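Understanding the architecture of this molecule
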Amino acid sequence: PHLRACAASGKPEMVDAFDDKTRNARAVIEMRALAIKKHITTLMPDLIAKSSGDNSPQLLVTGGASNNADILQVFADVFQRPVRCLDVSEGAAFGAAVRAYHAWQDAD
């Protein structure tokens with residue numbers, strides 16, 4: 001797969017990788033964050049449409065990557081909202097419980 005980079009002329013060009021390894025790593029993390037945002041936008045468009053900033057819903061993260069401040073910053077940049085870490089050992093189970101709770105609330 002090729003990554004799109006802006007050349008000095010300002011026109012996009014196709015590249016196999018960036019010269020800087022940290023840019024390659026950030027590109028992979030950004031791709032993942034953008035994919036997650038697209039998925040959430042498809043499932044819950046009203047949630048994503050809410051304004052960004054202090055009054056917007058926060059993004060809750062868990063798992064090993066949530067211990068990395070740089071990864072959290074990428075997600076904050078992509079989602080344009082505050083990112084908070086959950087201190088839960090079973091993040092997937094917690095997420096499933098939250099989704100079940102919301103489904104139960106909507107059923108009434």
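Residues numbered from 1 in each chain as written. Predicted model: local features only at pLDDT ≥ 70, side-chain atom pairs only at ≥ 80, totals over all residues. Heavy atoms only, no water.

Description of the overall build of the protein chain
The line we're drawing: Numbering of helices and strands runs from the N terminus, with a helix taken as a DSSP run of H or I at least four residues long and a strand as a DSSP run of E at least two residues long. Relative accessibility thresholds used throughout: buried, under 20% of the residue-type maximum; exposed, over 50%; partly exposed, between the two (1.4 Å probe, protein chains only). It only takes one pair of heavy atoms within 4.5 Å for two residues to be counted as in contact. Only the protein chains shown count as cover for residues, and all accessible areas are computed by the Shrake-Rupley method using a 1.4 Å probe.
When you go through the protein chain residue by residue, the secondary structure sums to 4 helices and 4 strands. Each helix and strand of the protein chain, placed in order from N terminus to C terminus, yields the pattern β-β-α-α-β-α-β-α. Scored against the burial criterion, the 108 residues of the protein chain give a buried share of 19%. Taking as baseline every contact in the protein chain between residues at least 6 positions apart, the subset at least 24 positions apart corresponds to 46%. Summing over all exposed atoms, the protein chain offers an accessible surface of approximately 8200 Å²; the carbon and sulfur share of this is 56%.

Side note on the pattern of salt bridges
This is how it is decided: Basic side-chain nitrogens of Lys or Arg form a salt bridge, by our definition, when they fall within 4 Å of a carboxyl oxygen of Asp or Glu.
Taken as a whole and assessed by the stated rule, the structure comprises 2 salt bridges. Arg26 is the salt-bridge partner of Glu30, the closest N and O atoms lying 2.7 Å from each other. In this pair, Glu30 and Arg26 both sit in helix H1 (residues 21-43), 4 residues apart, roughly one turn of the helix. Put simply, Arg26 and Asp77 hold a salt bridge, and the shortest N to O gap is 3.1 Å.

Quick notes on the confidence of the model for the protein chain
Heads up, the rule is: As a per-residue measure, pLDDT tells how confident the predictor is, with possible values from 0 to 100.
Mean pLDDT over the protein chain works out to 81, with 81% of the residues at or above the 70 mark. Mean pLDDT across the secondary structure elements of the protein chain bottoms out at strand E1 (residues 3-6), with 58, and peaks at helix H3 (residues 69-79), with 92.

Describing the side chain of Ser66
To be explicit about the condition: Two N or O atoms form a polar contact when they lie within 3.5 Å of each other; inside protein one atom must be a possible hydrogen donor and the other a possible acceptor, and for residues adjacent in sequence the pair counts only when both atoms belong to side chains.
Relative to the elements of secondary structure, Ser66 occurs in the loop between strand E3 (59-61) and H3. The exposure class of Ser66 is buried, given its relative accessible area of 8%. Of note is the side chain of Ser66, whose polar atom sits 2.5 Å from the backbone oxygen of Gly63. Those residues in contact with Ser66 that sit more than four places away from it in its chain are Val61, Leu72 and Cys85.

Regarding the nonpolar core
This is how it is decided: What we call a nonpolar core is a set of buried Ala, Val, Leu, Ile, Met, Phe, Trp, Tyr and Cys residues that are connected through their side-chain atoms within 4.5 Å.
With 13 residues, the main nonpolar core has Ala33, Leu59, Val61, Phe75, Val78, Phe79 and Val83 as its most contacted residues. Secondary structure elements with two or more residues in this core: H1, E3 and H3. The greatest single-element share of this core, amounting to 7 residues, is contributed by H3.

Some details on H3
Three or more residues of H3 are buried, namely Ile71, Leu72, Val74, Phe75, Ala76, Val78 and Phe79. Packed against the buried residues of H3 are H1, helix H2 (45-49), E3 and strand E4 (83-85). The N-capping residue of H3, defined by a side-chain oxygen 2.8 Å from the backbone nitrogen of Asp70, is Asn68. At the C-terminal side of H3, Gln80 shows a positive phi close to 55°.

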